[in-house]
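Single-letter residue listing:
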Number of protein chains: 2
Amino acid sequence: MRSHQRTYLKPLATFAAVFCVLLTAARAQRDALPSWNDGPAKQAIMEFVRKTTDESSQTFVPREERVATFDQDGTLWVEHPIYTQVLYCLDRVPAVVKEKPALVEVEPFKTVLSGNHEAIAKLSMHDLLKIVAVTLTGMSVDAFKTEVKKWLESARDSRWKRAYTELTYEPMLELLQYLRANDYKTYIVTGGGQDFVRVYSEEVYGIPPEQVVGTMGGTKYGYDKEGKPFLTKEPQLLLNDNNAGKPEGIHLMIGRRPYAAFGNSTGDQEMLEYTKAGDGTRLAVLVLHDDAEREYAYGPAQGLQDTKVGTFTQDLYDEAKKDGWIVISMKNDWRRIFAFEN
Amino acid sequence: MRSHQRTYLKPLATFAAVFCVLLTAARAQRDALPSWNDGPAKQAIMEFVRKTTDESSQTFVPREERVATFDQDGTLWVEHPIYTQVLYCLDRVPAVVKEKPALVEVEPFKTVLSGNHEAIAKLSMHDLLKIVAVTLTGMSVDAFKTEVKKWLESARDSRWKRAYTELTYEPMLELLQYLRANDYKTYIVTGGGQDFVRVYSEEVYGIPPEQVVGTMGGTKYGYDKEGKPFLTKEPQLLLNDNNAGKPEGIHLMIGRRPYAAFGNSTGDQEMLEYTKAGDGTRLAVLVLHDDAEREYAYGPAQGLQDTKVGTFTQDLYDEAKKDGWIVISMKNDWRRIFAFEN
């Protein structure tokens, strides 16, 4: 039987070998980042992943240490002309005033209630923070989650008339998946409210709540009438997750220095510096909004100074060039920006 | 050839079937919790895991929501007669005084430097907190990590003359592994310093730094002489992760309500209440220190009032009984307490 066994197995072995070769070729050909144009940004990202995940690389990084952090507004989704979360807060003002009628005659709430779009657009950052504080606190964490979910389902942006969660950048969603496929743990590190972003981060970005680092407010433990415990959102700022707050928030929430960090403004500067200052191969990336046609072109680097959202200054651009950060040109590096494009 | 093919495959198929049956039997027979005596505690834990991981169960929990939180001191390792971290702080006093000589004549530092064990043992909690604040802040996060590592390698406890990291409870280490094998994400939620516990949590408990929730201090981002960024530990308390601070810290760091929580004192009461108040099947567990021979017997439930460590009061015991929490008797439920036992 032995000689027959060999004859019988031969075609099977040949088939298996051919199958393996074909599979490997198919894998190599499949582009993990199809919405990216071939260019220096895409190349640098893929080279970084190879250098940190190839076991024969001198700068190989063990799986448990693979951390990649992403700013949200302007890096993962549209932030212009105003942060989505601020729009949520403005929309919440009537409900808050209903609960606290004394606010009806108090600025900036009076202006918001007037519905005068021009006046609302002129509110200062100080005014906006007052609105943020009042509309994001004073309810249970569960009630807050329900409210945000409801709002996201019905709210539409003024330019594309789409849900805000559709205004995510397709190339960055691909990048998140590509990094995770290479055993990177992906985190959001945002100046936005931690609890706000957590409501949709898993569904929209595939990032679970425990991997969202944001501006952190305190909560207060208490009991309802039936003695059931619950947490209330308090108007107490624990950490402002912007600028120096980003590396501080990363240390607090993750306790590891990232190997890759992605941002788009001066608010991300410290996170990128901190990331790049680590040993081995590290990646710091800035998204430059230079596509007025498909998205927006803004920030001083684009000659546009008056903006309430993330600023990409000339200084930031210079530091990026000097320190070897990658600058993504949305216009040149991204073949497609949104999933809803043709 | 066809009939021959069938003849040829038959023994293979039989072998595969027998192999599978044997494998399943071996798996079922292997006890995941060998250091636990059969009894109500072990039974309740295994029943909880079955009810939340069996897809046919009415209270099945999706993998991403499986969160189990563990207090550390007195729950995962020995806390009596004093918290290990406090011993670290006391040992650090001479080095701190060398840097700040003005402290040499100031209490409680003067008492610590005297080496008078009786006087040191009598220091109040207020004094100890002063020592904690001074010894745990003012250095870079990297320098702190190095110091703690060095101390853990050389320090030995006074009763067993072993490294503190050996004083972990074998049944709880098995339980951590058992839960992880069932796709539970295991977290430490400790009143101890978050940065302190993170130094050894991965090696000792298999729990990575990002899954350690502890008492949180602020850090400050800055640059060294060469312009390299680093974080300094600041004497600023962000969150006291004790009592109500435990569910608050869980919300801050995880953003999900645990399905299982383990503690041993009034400091864990709110975490256990919060866990048990969730929907579906939830598990709340208290470790009772009632084994004076193999470990310690302490707390008012054991008739011992004067203790600086976690207190298991009669009230806590009553709440546990009323609310269906599981109480582990170290004496009766644990066959073996330490790995170094015979």
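Quick note: structure is the one above.
Description of the structure in this document. (Residues numbered from 1 in each chain as written. Chains lettered and ligands numbered in written order. Predicted model: local features only at pLDDT ≥ 70, side-chain atom pairs only at ≥ 80, totals over all residues. Heavy atoms only, no water.)

### Some points on the overall build of chain A
Next up, step 1: Within chain A, the secondary structure is distributed over 13 helices and seven strands.
Next up, step 2: Within chain A, the proportion of its 342 residues that are buried is 51%.
Next up, step 3: Pairs at least 24 residues apart make up 65% of the contacts formed inside chain A by residues separated by at least 6 positions.
Next up, step 4: By element, 52% of the accessible surface of chain A is carried by carbon and sulfur atoms, the whole surface being about 16,500 Å². (Helix = DSSP H or I, 4+ residues; strand = E, 2+ residues; numbered from the N terminus. Buried < 20%, exposed > 50% of the residue type's maximum accessible area, 1.4 Å probe, protein only. Contact = heavy atoms within 4.5 Å. Areas by Shrake-Rupley, 256 points an atom, 1.4 Å probe, with all protein chains shown as cover.)

### Digging into the relation of the copies chain A and chain B
Next up, step 1: Mapping chain A onto chain B leaves a residual RMSD of 0.0 Å; the transformation is a rotation of 180° accompanied by 0.0 Å of translation along its axis. Expressed as an axis order, the relation between the two copies is that of a two-fold axis.
Next up, step 2: Interface overlap between copies: 100% of the residues of chain A at the interface are likewise at the interface in chain B, consistent with a symmetric, same-surface contact. (Least-squares fit on C-alpha atoms with pLDDT ≥ 70 in both.)

### Looking at the sheet that holds strand 7 (residues 326–329) of chain A
Residue and element names in this part refer to chain A.
Next up, step 1: With mixed pairing, seven strands are arranged side by side in an open sheet as 4-3-2-1-5-6-7. What marks the edges here is a single partner per strand, and that holds for strand 4 (229–239) and strand 7. Taken over all neighbouring pairs, the strand axes of this sheet differ in orientation by 30° on average, direction set aside.
Next up, step 2: On top of the sheet, helix 9 (residues 194–205) reaches strand 2 (185–193), strand 3 (212–223) and strand 4; it is set at about 145° to strand 2, its chief contact.
Next up, step 3: Strands in contact with helix 10 (residues 245–253) are strand 1 (67–70), strand 2, strand 3 and strand 4; relative to strand 3, the strand with the most contacts, it is inclined by about 55°. (Pairing = 2+ DSSP bridges. Axes fitted to C-alpha atoms, helices over the stretch in contact; angles between N-to-C directions.)

### Remarks on empty space enclosed by the protein
Next up, step 1: Considering all chains together, one arrives at five cavities of 30 Å³ or more under this definition.
Next up, step 2: Quantified by volume, the largest cavity comes out at close to 60 Å³.
Next up, step 3: The wall of the largest cavity is formed by Lys 185, Tyr 187, Glu 210, Gln 211 and Met 253 of chain A together with Lys 185, Tyr 187, Glu 210, Gln 211 and Met 253 of chain B.
Next up, step 4: Among the secondary structure elements, those contributing two or more residues to the lining of the largest cavity are strand 2 of chain A together with strand 2 (185–193) of chain B.
Next up, step 5: A breakdown of the residues in the lining of the largest cavity according to their chemical character gives four nonpolar, two polar and four charged. (1 Å grid on protein atoms, 1.4 Å probe; cavity = no way out; pocket = protein on both sides within 12 Å on 5 of 7 lines; lining within 4 Å. Points joined across faces, edges and corners; volume = space filled by probe spheres on them. Nonpolar A, V, L, I, M, F, W, Y, C, P; charged D, E, K, R; others polar.)

### Overview of the packing of helix 10 of chain A against helix 9 (residues 194–205) of chain B
Next up, step 1: At a minimum axis distance of 10 Å, the contact between helix 10 of chain A and helix 9 of chain B shows a crossing angle of 60°. Our classification of the angle between helix 10 of chain A and helix 9 of chain B gives oblique. Listed contacts from helix 9 of chain B to His 251, Leu 252 and Met 253 of chain A of helix 10 of chain A are Gln 194, Asp 195 and Arg 198 of chain B.
Next up, step 2: Within the contact of helix 10 of chain A with helix 9 of chain B, the residues separate by chemical class into two nonpolar, two polar and two charged. (Parallel < 35°, antiparallel > 145°, perpendicular 65-115°, else oblique.)

### Quick look at the packing of aromatic side chains
Next up, step 1: Following the criterion strictly, the structure yields 36 aromatic pairs over all chains and no others.
Next up, step 2: Between Trp 160 of chain B and Tyr 296 of chain B, the aromatic rings sit 6.0 Å apart at their centres with planes inclined by 80°, giving edge-to-face as the arrangement. One end of the pair, Trp 160 of chain B, is in the loop between helix 7 (141–154) and helix 8 (170–181); the other, Tyr 296 of chain B, is in the loop between strand 6 (283–288) and helix 12 (314–323), with 136 residues separating them in the sequence. The pair Trp 160 of chain B / Tyr 296 of chain B is uniform in exposure class, with both members buried.
Next up, step 3: The structure contains a cluster of three or more aromatic residues connected by ring pairs, namely Trp 77, Tyr 88, Phe 144, Trp 151, Tyr 164, Phe 196, Tyr 200 and Tyr 205 of chain A.
Next up, step 4: Residue placement shows Lys 233 of chain A over the ring face of Phe 144 of chain A; its charged tip is 4.6 Å from the ring centre.
Next up, step 5: For Arg 282 of chain B, the ring lying beneath its charged end belongs to Tyr 259 of chain B, and the centroid distance is 3.6 Å. (Phe/Tyr/Trp six-rings, centres within 6.5 Å; stacked < 30°, edge-to-face > 60°. Lys NZ or Arg CZ within 6 Å of the ring centre and 35° of its normal.)

### Looking at the interface of chain A and chain B
Next up, step 1: Counting from both sides, the interface comprises 41 residues of chain A and, opposite them, 41 residues of chain B.
Next up, step 2: Of the roughly 3,600 Å² buried where chain A meets chain B, counting both sides, 56% is carbon and sulfur surface.
Next up, step 3: At the junction of chain A with chain B, the criterion picks out six salt bridges.
Next up, step 4: Notably, a salt bridge pairs Lys 185 of chain B with Glu 210 of chain A, separated by 3.0 Å at the nearest N-O pair.
Next up, step 5: The tally of links from chain A across to chain B stands at 24 residue pairs in polar contact (both at pLDDT 80 or more).
Next up, step 6: Those elements that provide at least two residues to the side of chain A that touches chain B are helix 1 (2–29), helix 7 (141–154), strand 2, helix 9, strand 3, strand 4, helix 10 and helix 11 (269–276) of chain A. (Buried area = accessible area lost by both parts, 1.4 Å probe. Salt bridge = Lys/Arg side-chain N within 4 Å of Asp/Glu carboxyl O. Polar contact = N/O pair within 3.5 Å; in protein donor to acceptor, adjacent residues only side chain to side chain.)

### With respect to the pattern of salt bridges
Residue and element names in this part refer to chain B.
Next up, step 1: Applying the stated rule across the entire model yields 36 salt bridges over all chains.
Next up, step 2: Residues Asp 38 and Lys 42 are paired through a salt bridge, measuring 3.4 Å at the closest nitrogen-oxygen approach.
Next up, step 3: Overall, the relative accessible area of 67% leaves Asp 38 in the exposed class.
Next up, step 4: Relative accessible area serves as the criterion here: at 4%, Lys 42 is assigned to the buried category.
Next up, step 5: Linking Glu 105 and Lys 110 is a salt bridge whose minimum nitrogen-to-oxygen distance equals 3.5 Å.
Next up, step 6: Overall, Lys 110 belongs to the partly exposed group, its relative accessible area being 40%.

### A short note on the side chain of Glu 248 of chain A
Next up, step 1: Mapped onto the elements of the fold, Glu 248 of chain A is located in helix 10.
Next up, step 2: The buried charged residue Glu 248 of chain A lacks any salt bridge, with Lys 220 of chain B as its nearest oppositely charged partner at 6.4 Å.
Next up, step 3: Within the local environment of Glu 248 of chain A, its side chain forms a polar contact with the backbone nitrogen of Tyr 221 of chain B, the two atoms lying 3.0 Å apart.
Next up, step 4: Glu 248 of chain A has contacts with Leu 239 of chain A together with Thr 219, Lys 220, Tyr 221 and Leu 231 of chain B, leaving out every residue within four places of it along the chain. (Lys, Arg positive; Asp, Glu negative; His and termini not counted.)

### Side note on the sheet that holds strand 6 of chain B
Residue and element names in this part refer to chain B.
Next up, step 1: With mixed pairing, the seven strands of this open sheet are ordered in space as 4-3-2-1-5-6-7. Of all strands in the sheet, those bounded by a partner on one side alone are strand 4 (229–239) and strand 7 (326–329). For this sheet, the mean angle separating the axes of adjacent strands, direction not counted, is 30°.

### A short note on the nonpolar core
Next up, step 1: Counting residues in hydrophobic clusters, the biggest one holds 67 residues, and the most contacted among them are Met 172, Leu 175 and Tyr 205 of chain A.
Next up, step 2: No other element matches helix 3 (residues 84–99) of chain A, which puts seven residues into this core.
Next up, step 3: By size, the runner-up hydrophobic cluster in this structure holds 66 residues, among which are Val 49, Tyr 200, Val 204 and Ile 326 of chain B. (Core = buried A, V, L, I, M, F, W, Y, C linked by side-chain atoms within 4.5 Å.)

### Structural notes on helix 9 of chain A
All names here are of chain A.
Next up, step 1: Where burial is concerned, most of helix 9 is hidden: 10 out of the 12 residues are buried.
Next up, step 2: Three or more residues of helix 9 are buried, namely Gln 194, Asp 195, Phe 196, Val 197, Arg 198, Val 199, Tyr 200, Ser 201, Val 204 and Tyr 205.
Next up, step 3: Looking at the residues trailing helix 9, positive phi occurs at Gly 206, about 70°.

### Overview of the environment of Asp 54 of chain B
Residues and elements named next belong to chain B.
Next up, step 1: Positionally, Asp 54 belongs in the loop between helix 2 (40–53) and strand 1 (67–70).
Next up, step 2: Separated by 40 residues in sequence, Asp 54 and Pro 94 have C-alpha atoms that sit 55 Å apart.
Next up, step 3: At a separation of 2.9 Å, a polar atom in the side chain of Asp 54 contacts the side chain of Ser 56.

### Topic: helix 7 of chain A
All names here are of chain A.
Next up, step 1: Between its first and last C-alpha, helix 7 extends 21 Å over 14 residues, near the 20 Å set by a 1.5 Å rise per residue.
Next up, step 2: Turning to helix 7, its buried residues number three or more, namely Val 141, Phe 144, Val 148, Trp 151 and Leu 152. Down the axis of helix 7, the sector holding all buried residues measures 100°, keeping them to one side. Along helix 7, exposed side chains directed more than 90 degrees from the buried face belong to Lys 150, Glu 153 and Ser 154. (Expected span 1.5 Å × (residues − 1). Arc of directions from axis to C-beta.)

### Observations regarding the pairing of strand 5 (residues 260–263) of chain A
Here is the key point about a regular strand: its side chains alternate between the two faces of the sheet.
Residues and elements named next belong to chain A.
Next up, step 1: Of the two faces of strand 5, both are covered, the one formed by Ala 260 and Phe 262 as well as the one formed by Ala 261 and Gly 263.
Next up, step 2: The sheet contact formed by strand 5 and strand 6 (residues 283–288) spans four bridges and is parallel. Counterpart to Gly 263 in the pairing with strand 6 is Leu 286.
Next up, step 3: Regarding the hand of the β-α-β motif, the stretch spanning strand 5, helix 11 and strand 6 is right-handed. (Right-handed = clockwise from strand over helix to strand, strands pointing away.)

So far we have only geometry, and geometry alone does not tell us how the molecule works.
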